[in-house]
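What follows is each chain in one-letter form.
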Amino acid sequence: MQERIIIEGGKPLYGRVRISGAKNAALVLIVASILADGETILDNVPHIRDVEVMLHILRELGVATKWNDDNSLSINPPAVMKTETPYELAKKLRASNLFLGAFLGRTGQALISLPGGCDIGSRPMDLHIKGVQSLGGVVEIEHGFISARMKKPQGSSVYLDFPSVGATENIMMLASKTPGVTTIENAAREPEIVDLSNFINTMGGKVRGAGTDLIKIEGVERLTARRYAIIPDRIEAGTYMVAAAITRGEVLVENIIPTHLHPIIAKLQETGVLIREHEKGLVVKGINRLRPIDIKTMPYPGFPTDMQSQMMALMAIAEGTSVIVENVFENRFQVVDEFTRMGAKIKVEGHTAIVEGVKTLCGARVKSPDLRAGAALILMALAARDETRIDHAVHIFRGYENIIEKIKGLGGNIKTE
Ligand code: UD1
């Protein structure tokens, strides 16, 4: 397993890069496919570590999974399946918590190991549990597991105190197989939620309002497996857009849905980076004198927390001081120590980072504390003088398909060890 990435920086990136299917949509759709009877075929699933772990969990449950010759993924659940996520696998992947809604929707019971994943702050499940309870579930938490069974399943109305992506998805999956109508108020509005809604509806479900903060789900008796193509990854796209900007190159980012990228495009344009539409996607062109900007992470359509570290990398070489406020995950500034080793000037106070732009960054030995921070370290390294060695690179392969090949394709000097 390649654990380290080595980059010789200072080369502008040029060319075109094709964006893969969205990690966060793929993970939830893979889980949701166990709600259906028959074989689901998913197109555009990225080959990344998190997907591998999710498929490994499915196989442990007795679900047949197969990559087909045309690169699609087949998922076929057995008539009777296990409804317990194995601890050893679940601890590697936060999104394994999505089995809660899917198991309950399919069989009325679930035993979920409290999940792991990126260490980016406290990630409670109170909102997921509140949703399950509102729909008639009885939930107990003991020894690191959530055990739940549906006692009197009935659609209901759930208000989320925060528009949690995972809680919205879990409730949508459970409600789609629960009799009656469920409404989710203050629901998450992310494009991945809309993708899940479209997927459930393709299978014969009745979900309305996804993409707004009020989602209505009418439970159905049966969902039937279908073929479905996953949306492109807006965070991967954003990462390559910053790669073009930070190296002062020019990159055509292909296979994207521009509306999903509005918050990222708006902020990049504020820095002065040039972005123009192209029939195949967006062309991003770097400039010499980047303007500093302020960023606040928020649920969609606010600026995504999953792009915060990458934008911080860009602001590290802007001409002036930027202020970044992280409102979603409290530990997302762990990467600052690593950035500092590369010559960045960043001060953290609680949820706020003050980034004072510097003229040059220099290569160093650093380690990747989480997935998006790892991607941001690659961006820094591409812009820095000399060589950077990024340890714990395995985090990056969790979420970026073929990242080494894609950066090499743009002329970057990058390899694994
Ligand atoms: C998903 C994404 C992740 C992204 C995040 C926010 C997947 C697989 N992961 O994670 O990449 O960074 O959305 O866009 O889709 N919270 C509670 N109680 C709960 C649930 C969440 O307080 O029951 C809080 C969390 O602590 C956090 C915030 O809500 O502060 C956002 O979490 P949430 O939207 O649930 O993120 P995830 O679904 O885990």
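All of these numbers come straight from a predicted model, not from anything done at the bench.

Calculation notes
All residue numbers refer to position in the chain's written sequence, counted from 1. Selection of residues for local features in this predicted model requires a pLDDT of at least 70, selection of side-chain atom pairs for listing and counting requires 80 or more, and totals for whole chains, interfaces and linings are taken over all residues. With hydrogens and water stripped out, all remaining heavy atoms of the structure feed into the side-chain values. Both site types are read off a 1 Å grid over the protein atoms alone. A 1.4 Å probe that fits but cannot get out defines a cavity, while an open set with protein on both sides within 12 Å along at least five of seven lines defines a pocket; lining residues have an atom within 4 Å of a point. Grid points are joined across faces, edges and corners, and a volume is the space filled by probe spheres set on the points. We count a stretch as a helix when DSSP gives it H or I for four or more residues in a row; a strand needs E for two or more, and each element gets its number in order from the N terminus. In this classification, Asp, Glu, Lys and Arg are treated as charged, Ala, Val, Leu, Ile, Met, Phe, Trp, Tyr, Cys and Pro as nonpolar, and every other residue, Gly included, as polar. Any two residues whose heavy atoms approach within 4.5 Å at even a single point are treated as in contact. By convention here, the domain bounds are inherited from an automatic or database domain assignment. When two components associate, each loses some accessible surface as probed by a 1.4 Å sphere; the sum of these losses over both components is called the buried area. Salt bridges, as used here, are contacts in which a Lys or Arg side-chain nitrogen is within 4 Å of a carboxyl oxygen on Asp or Glu.

Right, let's talk about empty space enclosed by the protein for a bit. Within this structure, the stated rule accounts for one cavity of 30 Å³ or more. When its volume is computed, the largest cavity comes out at roughly 40 Å³. Looking at the largest cavity, the residues that line it are Thr-239, Tyr-240, Ala-243, Ala-375, Ile-378, Leu-379, Leu-382, Ile-403 and Ile-407. Elements represented by at least two residues in the lining of the largest cavity include exactly α8 (234-246), α12 (371-383) and α14 (403-409). If you tally residues by element for the lining of the largest cavity, the top one is α12, at four residues. Among the residues making up the lining of the largest cavity, the classes are represented as eight nonpolar, one polar and no charged.

For Pro-77, the position within the fold is in the loop between β5 (73-76) and α3 (87-90). Each C-alpha atom, one on Pro-77 and one on Met-315, is 47 Å from the other, the two residues being 238 residues apart in sequence. Ignoring any residue separated from it by four or fewer positions in sequence, one finds Pro-77 in contact with Ser-33, Ile-34, Ala-36, Gly-38, Val-63 and Arg-106.

This part covers the domain arrangement of the protein chain. With domains assigned, the protein chain is organised as domain 1 (4-20 + 232-416) and domain 2 (23-229). The C-alpha-based centres of domain 1 and domain 2 are spaced at 30 Å. On the domain 2 side, the residues contacting the 24 residues of domain 1 number 22 residues. Overall, the association of domain 1 and domain 2 removes approximately 2100 Å² of surface from exposure, summing both partners, and the carbon and sulfur fraction of that is 53%. Its largest share of buried area at the contact with domain 2, domain 1 owes to Tyr-300, Arg-398 and Glu-401, together 30% of the area lost on that side. Counting the contacts that link domain 1 with domain 2 gives two salt bridges. The residue Glu-192 makes a salt bridge to Arg-234 at a minimum N-O spacing of 2.9 Å. Broken down by secondary-structure element, the contributors of at least two residues to the side of domain 1 that touches domain 2 are α12 and α13 (394-397). Among the residues making up the side of domain 1 that touches domain 2, the classes are represented as nine nonpolar, six polar and nine charged.

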